[in-house]
Structure formats: C-alpha cells, structure tokens
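# Notes for the structure review
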Amino acid sequence: MKSYISFLAILIATSSCSFMGDNGSLDGPGPIIGDGTSTAGSTLLSGTQSTSITLTNNNPDPTLPDYCIEGNYNISASVIIEPGVIICMKENARITVNSSGSLNATGTAASPITIRGISPIAGYWGSLVFSGSNSTSNNLVHVNISDGGSNSSWDAIVYGYSSGRVYMDNCNITRSSSNGVFIYSSSFNLVGLSNTTISSCQQAPLLIQANHIGSLSESITGAGNGTNNIIVDNATVTNDATWKKTGIPYFFTGTTTLSADIIINPGAQFIMKSTARITVNSSGSLNAIGTPSSMIRFTGENNIAGSWQGIVFSGSNNPSNIMRYCEVSYGGNNSSWNALIYLYSSSQFTLGNSSIHDSQTWGLMNYNSSNTFTDEGTNTFYNNASGNIGT
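Cut-offs applied
Residues numbered from 1 in each chain as written. Predicted model: local features only at pLDDT ≥ 70, side-chain atom pairs only at ≥ 80, totals over all residues. Heavy atoms only, no water. Helix = DSSP H or I, 4+ residues; strand = E, 2+ residues; numbered from the N terminus. Buried < 20%, exposed > 50% of the residue type's maximum accessible area, 1.4 Å probe, protein only. Contact = heavy atoms within 4.5 Å. Salt bridge = Lys/Arg side-chain N within 4 Å of Asp/Glu carboxyl O. Pairing = 2+ DSSP bridges. Axes fitted to C-alpha atoms, helices over the stretch in contact; angles between N-to-C directions. Phe/Tyr/Trp six-rings, centres within 6.5 Å; stacked < 30°, edge-to-face > 60°. pLDDT = per-residue confidence, 0-100.

### Some words on the overall build of the protein
From N to C terminus, the protein includes 1 helix and 43 strands. Taken along the three principal axes of its C-alpha coordinates, the protein extends 95 × 35 × 35 Å. The buried share of the protein, taken over its 391 residues, is 54%. Put simply, of all contacts in the protein between residues at least 6 apart along the chain, 68% involve residues at least 24 apart.

This is the structure in structure tokens:
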C-alpha cells in the first residue's frame, strides 16, 4: 500500500500541465507529458486560437516552460508573447499564424523568449509558419528558437508563406533538421532580418527569394549548417534595394531579373549555381562599387570556367550601371549570352578596377554598337577562352 501511495503522489506531481482553451481560460488538467523533460507548471496550447491572448511568464520555476504546444496550434487572433516566456513544443507540433491572426513575440536582451522542443533534438517538432498573415504585429525580437524543422512541407524552423509578413531581430535559430528560415513566397514581406545567428541546421541557414535580399542586414551569421550560404531562388526584383555584405555568402540558383535599382555594398560575396544569371533589364540598374580591401565577388560554385552563366545588361541605359573593385569569374556557360558580362540593346555600363577571368567564352561582350561602354582602363582580364572583350 505504501508503494502505491508513493506512485500516486508522483503521478499527481507530474500531471501539472493545465489546458488553455480557445477562450484563453484554464479548462482543467492537461495530459501527462512523458518525454523525459519536466514541464511542471506549464499550460497546454492546442487547436485554434480565435480570441486574443497574451502569454505571460507565469511558471514559478523560471527554468521550466510556461506553455507546451501539442499538435497544430492555429493562431487566428492576436497572440502576444511577453519577455522571458518559455514555450516547449511536443513532438511534431507546429505553430501556424493564419491570415486573421498575428504573433508578436518581443523579448529583451535580458529576458529573451524561448521556443524549443521538449527534447533538444533537431527535427523534434515542426515549424513556426506565417501563412498569409500580413499583420504589422508579426515580430520575432530577442527570440531563441530550436529543435524544429521536421515537416517536409514547411521545411524550416521559421517559414514564410503566401502574402504574409514578419520582422526578425536578435534571434538565435539552431538545430533544424531542414532549413533555419525559409521565405517561400516572393509576395511575402520580410520587413527585416538583423542581428541574427542561424546555426546547426542540416540544410541552409536561410532560403529566400531575390527580392528579399534588401531586407537583410550585415549582422547575419551562420555556422555548422549543411551549407553556410544564403540560398537565393530566382525571382524578379521590382523594388529598389541595397544588397549588403552579410556574414555568410549569397548562393544564386537561377535567373534573377533586376527591374529596379540595386546597389551592392563593398565586400558582398555571390556564389552562382550553373543555372544562375543576373539580368538587368530596361527598368533596372546594377551599381556594385567595392573597395581595394573589400571587393565584391561573383563566382561559380566550382573554380572551373563555365560554372555559371553571367551578368547581362539588356536594354538598361542607366548611368548607375557601374562595377568597380569587382571580381567576376568562372562563368560564361550560356551560348546566347556568351560572356561573363554581356551588354545588349542600348545598355550603358562602366567598369573599373575589376578582375574578369576564367570565362568559358568571352570576358565581356559589347554586342551592340548602340551600347555605351566605358572601360576605365584599370581592369584585369585573363583566362577567358574566347577573348577578353568582344564586339
């Protein structure tokens, strides 16, 4: 009998998760969490949140989670997470912020918000998905998020989908079984991503569309990921932007078309897949001015001539088309745009203090007599199979 009473006391002590219903009230005891990590004193969240709620730092033990999420927690109202709150995710759980909902998770440097798996294992839970929620309240500031990425459809810890919106600052994202942050849709508004470290993700730290590059700050770092590059999918860039040097290089996968004015800051690094090309059309411009100690580089993923296509100016008669202190190398594999830099259809372009080398075809092709090409005479061309400058 004594052993039975002891067992009953342990069972009661470990059954201290309470369940929070849709109206934000406590609806009685929740299930026992038997995953080996204590969740004593936490409140269980699940189902659809259709009324506004503020999640508070309410666990008397500051080392234990305040809330546990089970299944898919659908946010269809305003949810605010206060500084210091710890949320643990049950296995394969997910948070989805729908079009009628918002999530404002704003911590502080002294009291960050934590969202983690019950077990500290990559892929233990799914994703935090912003799906069509365009609310200005969608903020992730001073938030540590770990142990997710298990869902093959939402293959990142933080996933941006449809015409949604989010601002991220001072976040630490780690231990994903897929990507760290994946902004899937070109229409998604990544307001900003700054002062953020993404590490130990089995795929990429960050996967975005080309029109999101301007939202990134220089203070993005990554380490220990499957690839330590920012993966950039092909897209048409329609808003003026400055592309900054980040702590990890950009990796372009396809054709990026510039229909806006793009400035590239010194030191930015671009690695190009074999199918990658940058095309500057009549409504766009490319201004890439590095420095002697901080050159801008465009190169292939392999140090082999023809590893990518090139940079094409097609009808861009803009005096801002300037490349200085740039290195463009190991490309030229497109038979139509057969150069590392190709000028076409009344384009205007200035090149100075740059190195153009190891092209499978031409270094630079000035195809039309209607182009305006200014060679400032301080450039270096070498190892270009068809020649340095063609006409």
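### Structural notes on the pattern of salt bridges
Counting across every chain of the model gives 4 salt bridges. Residue arginine 297 is joined to glutamate 327 by a salt bridge in which the shortest nitrogen-to-oxygen separation is 2.7 Å. With arginine 297 in strand 33 (residues 296-300) and glutamate 327 in strand 36 (residues 326-329), the pair connects residues that are 30 residues apart, well separated along the chain. With a relative accessible area of 32%, arginine 297 lands in the partly exposed category. You can call glutamate 327 buried: its relative accessible area is 18%. Ionic pairing is found between glutamate 376 and arginine 324, a salt bridge with its closest N-O pair at 2.9 Å. Note that glutamate 376 is positioned in the loop between strand 41 (372-375) and strand 42 (380-382) and arginine 324 in strand 35 (residues 322-324), a separation of 52 residues in sequence. On the accessibility criterion, glutamate 376 (33% relative accessible area) is partly exposed. According to the relative accessible area criterion, arginine 324 is partly exposed, its value standing at 24%.

### Focus on the sheet that holds strand 35
Here 6 strands make up an open sheet; going across it, the order is 26-29-32-35-38-41 and the pairing parallel. Every interior strand has two partners, whereas the edge strands, strand 26 (241-243) and strand 41, have only one. Across the sheet, the mean angle separating the axes of adjacent strands is 15 degrees when strand polarity is ignored. Note: strand 35 against strand 38 (residues 348-352), 3 bridges, orientation parallel. Bridged to methionine 323 within strand 38 is leucine 351.

### Quick notes on the packing of aromatic side chains
According to the stated counting rule, one finds 18 aromatic pairs in the structure shown. Centroid distance tryptophan 243 to phenylalanine 270: 6.0 Å. Interplanar angle 45 degrees. Geometry classified as tilted. In this pair, tryptophan 243 sits in strand 26 while phenylalanine 270 sits in strand 30 (residues 269-272), placing the two residues 27 residues apart along the sequence. Given the relative accessible area of 0%, tryptophan 243 is considered buried. A relative accessible area of 1% means that phenylalanine 270 is categorised as buried.

### Details of the confidence of the model for the protein
Low-pLDDT portions of the prediction should not be read for the details of their coordinates. Confidence in the prediction for the protein averages 91 pLDDT; 90% of positions are at 70 or higher. Predicted confidence is poor over residues 21-36, with pLDDT under 50, and the contacts of this stretch with residues over four places away or in other chains come to 39 contacts.

### A few points about the environment of methionine 272
Tracing the backbone through its elements, the reader meets methionine 272 in strand 30. On the accessibility criterion, methionine 272 (0% relative accessible area) is buried. It is 5.7 Å that separates the C-alpha atoms of methionine 272 and phenylalanine 251, two residues lying 21 residues apart in sequence. What methionine 272 contacts, discounting residues up to four positions off in sequence, is Phe252, Ile278, Thr299, Gly300, Glu301, Ser307 and Trp308.

### Observations concerning unusual backbone geometry
Phi at asparagine 170 is positive, roughly 55 degrees, even though this residue is not glycine. When you line up the elements, asparagine 170 lands in the loop between strand 17 (165-169) and strand 18 (172-176). The phi angle at asparagine 195 is positive, at roughly 50 degrees, despite the residue not being glycine.

### What about the environment of glycine 123?
Mapped onto the elements, glycine 123 comes out in the loop between strand 12 (113-117) and strand 13 (128-131). Overall, glycine 123 belongs to the buried group, its relative accessible area being 17%. As for glycine 123 and isoleucine 75, which are separated by 48 residues in sequence, their C-alpha atoms are 22 Å apart. Glycine 123 has contacts with Asp147, Gly148, Gly149, Ser150, Arg175 and Ser177, leaving out every residue within four places of it along the chain.

### Considerations on the pairing of strand 19 (residues 179-183)
Counting buried positions along strand 19 gives 5 out of 5 residues, so the element sits mostly inside the fold. The pairing of strand 19 with strand 22 (residues 206-209) spans 2 bridges and is classified as parallel. Residue pairing for strand 22: phenylalanine 182 is matched across the bridge by leucine 207.

### Quick word on the sheet that holds strand 17
Strands in a sheet are paired, the pairing made by backbone hydrogen bonds, and the direction either parallel or antiparallel. The strand order across the open sheet formed by 6 strands is 5-8-11-14-17-20, and the pairing between neighbours is parallel. Every interior strand has two partners, whereas the edge strands, strand 5 (53-55) and strand 20 (189-194), have only one. Strand-to-strand twist in this sheet, taken as the mean axis angle between neighbours without regard to direction, amounts to 10 degrees. Two elements, strand 11 (residues 102-106) and strand 14 (residues 139-141), share 3 bridges in a ladder whose sense is parallel. If you follow alanine 105 over to strand 14, its bridge partner there is leucine 140.

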